[in-house]
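These are the residues of each chain, in order.
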Amino acid sequence: MIKTKENSEHYFWGELCDSWVFHNNDNLVVKQEMMPPKTSEKLHFHKLAQQFFYILKGEATFYIEEEKFTVKSRGGIAIEPKKKHYFANESDENLEFLVISNPSTDEDRVLV
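Structural notes, computed from the coordinates.

Rules behind the numbers
Residues numbered from 1 in each chain as written. Predicted model: local features only at pLDDT ≥ 70, side-chain atom pairs only at ≥ 80, totals over all residues. Heavy atoms only, no water. Phe/Tyr/Trp six-rings, centres within 6.5 Å; stacked < 30°, edge-to-face > 60°. Helix = DSSP H or I, 4+ residues; strand = E, 2+ residues; numbered from the N terminus. Buried < 20%, exposed > 50% of the residue type's maximum accessible area, 1.4 Å probe, protein only. Lys NZ or Arg CZ within 6 Å of the ring centre and 35° of its normal. Contact = heavy atoms within 4.5 Å. Core = buried A, V, L, I, M, F, W, Y, C linked by side-chain atoms within 4.5 Å. Salt bridge = Lys/Arg side-chain N within 4 Å of Asp/Glu carboxyl O.

## Brief notes about the packing of aromatic side chains
Thinking step 1. Here the structure, examined in full by the defined rule, presents six aromatic pairs.
Thinking step 2. On the basis of an interplanar angle of 25° and a centroid distance of 5.0 Å, the ring pair of phenylalanine 62 and phenylalanine 87 is categorised as stacked. Separated by 25 residues along the polypeptide, phenylalanine 62 in strand β7 (residues 59-64) and phenylalanine 87 in strand β10 (residues 85-89) bring together distant segments of the chain. Of the two residues, phenylalanine 62 and phenylalanine 87, neither departs from the other in class, the shared state being buried.
Thinking step 3. The structure contains a cluster of three or more aromatic residues connected by ring pairs, namely Phe53, Phe62, Phe87 and Phe97.
Thinking step 4. A cation over an aromatic ring shows up here: lysine 5 above the ring of tryptophan 20, its NZ or CZ 4.2 Å from the ring centre.

## Digging into the environment of phenylalanine 45
Thinking step 1. With respect to the element layout, phenylalanine 45 can be found in strand β5 (residues 44-46).
Thinking step 2. In this structure phenylalanine 45 touches Lys82, Lys83, Lys84, His85, Asp108, Arg109, Val110 and Val112, once residues within four positions along its chain are discounted.

## Overview of the nonpolar core
Thinking step 1. Counting residues in each nonpolar core, the largest one holds 15 residues, and the members touching the most others are Met35, Phe53, Ile55, Phe62, Phe87, Leu95 and Phe97.
Thinking step 2. Sorting the residues of this core by element identifies β6 (50-57), β7, β9 (76-79) and β11 (95-102) as the ones contributing at least two each.
Thinking step 3. Excluding anything up to four places from it in sequence, phenylalanine 87 contacts Met35, Ser40, Glu41, Phe53, Thr61, Phe62, Leu95 and Phe97.

## Observations regarding the pattern of salt bridges
Thinking step 1. Tallied over the entire structure, the rule returns two salt bridges.
Thinking step 2. A salt bridge links lysine 38 to aspartate 92; its shortest N-O distance comes to 3.4 Å. Taken together, the residues lysine 38 in the loop between β3 (29-35) and β4 (39-40) and aspartate 92 in the loop between β10 and β11 connect sequence positions 54 residues apart. There is no split in this pair, since lysine 38 and aspartate 92 are both exposed.
Thinking step 3. Across the pair glutamate 41 and arginine 109 runs a salt bridge, and its minimum N-O distance is 3.6 Å.

Encoded structure:
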């Protein structure tokens, strides 16, 4: 089945952030997400999952271990398992991105 935002599972997380689940099994998760301006997620790490974030629109600020990275539209960043991280939309525009995780992040997220 061809997946779109209109026919995919949708849920809210954090501070009114949206997530559309395009694919989700034990080995691979693909989501499109949107973060409103001035929102962020909480510091955490994944025991097993590696993740790749690809920015579709806007600018994301990633905090990985002790480093800060700014990723703009049409750019991406990988985060390896066990790396403490969070990211934020510190801009005044919506942030839209894809997040691809392998294996699934279900039951794998540890808040710090």
